[in-house]
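Architecture at a glance
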Amino acid sequence: IVASMVLLTANVLASNYVGNMNSKKFHYVDCAAAQKIKPANRIEFNSRDEAPGSGYVPCKICQP
């Protein structure tokens, strides 16, 4: 039970969306375009609503 609680906690804390500070686009973390974002330009969002609220637009590839 403890191991499953740790795994569940890790999943909750992990970001579901990432943004590119240069392009102002956000992606699902597993999007091919997201994988190309340089670490210095990468920002993480915990919810989909957080990204547009910060001025980011959805990626046209993964359509988050």
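Residues numbered from 1 in each chain as written. Predicted model: local features only at pLDDT ≥ 70, side-chain atom pairs only at ≥ 80, totals over all residues. Heavy atoms only, no water.

Grouped together as the largest cluster of nonpolar side chains are 6 residues: V18, C31, A34, I37, C59 and C62. Formed by 5 residues, the second largest nonpolar core is a distinct cluster that contains Y17, F45, A51 and Y56. (Core = buried A, V, L, I, M, F, W, Y, C linked by side-chain atoms within 4.5 Å. Buried < 20%, exposed > 50% of the residue type's maximum accessible area, 1.4 Å probe, protein only.)

Glancing now at the environment of Y28. One can find Y28 in strand β2 (residues 25-28). Residue Y28 is classed as partly exposed on the basis of its relative accessible area of 32%. Y28 has contacts with N16, Y17, V18, A34, C62, Q63 and P64, leaving out every residue within four places of it along the chain. (Helix = DSSP H or I, 4+ residues; strand = E, 2+ residues; numbered from the N terminus. Contact = heavy atoms within 4.5 Å.)

Applying the stated criterion across every chain yields a total of 3 aromatic pairs. Taking 6.1 Å as the distance between ring centres and 75° as the angle between the ring planes, the aromatic pair formed by Y17 and F26 counts as edge-to-face. Assessed through its relative accessible area of 12%, Y17 is described here as buried. With centroids separated by 5.1 Å and ring planes inclined at 65°, the aromatic side chains of F45 and Y56 adopt a geometry described as edge-to-face. (Phe/Tyr/Trp six-rings, centres within 6.5 Å; stacked < 30°, edge-to-face > 60°.)

A word on the confidence of the model for the chain. When pLDDT is averaged along the chain, the result is 86, and 78% of the positions lie at 70 or above. Low pLDDT, under 50, characterises residues 2-13; the stretch is placed with 0 contacts to residues that sit more than four places away or in other chains. (pLDDT = per-residue confidence, 0-100.)

Next up on the list: the side chain of N41. Assignment of secondary structure puts N41 in the loop between α2 (32-35) and β3 (42-45). Judged by relative accessible area, which is 19%, N41 ranks as buried. Setting aside its immediate chain neighbours within four residues, N41 contacts G19, N20, M21 and N22.

Attention now moves to unusual backbone geometry. Unusually for a residue other than glycine, K24 sits at a positive phi of about 65°. Here K24 is to be found in the loop between β1 (17-20) and β2. The exposure class of K24 is partly exposed, given its relative accessible area of 37%.

Okay, the pairing of β1 next. Within a regular strand, the side chains alternate between the two sheet faces. Residues Y17 and G19 line one face of β1 and the alternating positions V18 and N20 line the opposite face, and both faces are buried. In this sheet, β2 lies alongside β1 in antiparallel orientation, the contact comprising 4 bridges. In the strand pairing of β2, G19 is matched with F26. Between β1 and the antiparallel strand that follows it, β2, lie 4 residues; K24 among them carries a positive phi value of about 65°. Examined bridge by bridge, β1 and β3 share 4 bridges and lie antiparallel to one another. Along β3, the bridge assignment pairs Y17 with F45. (Pairing = 2+ DSSP bridges.)

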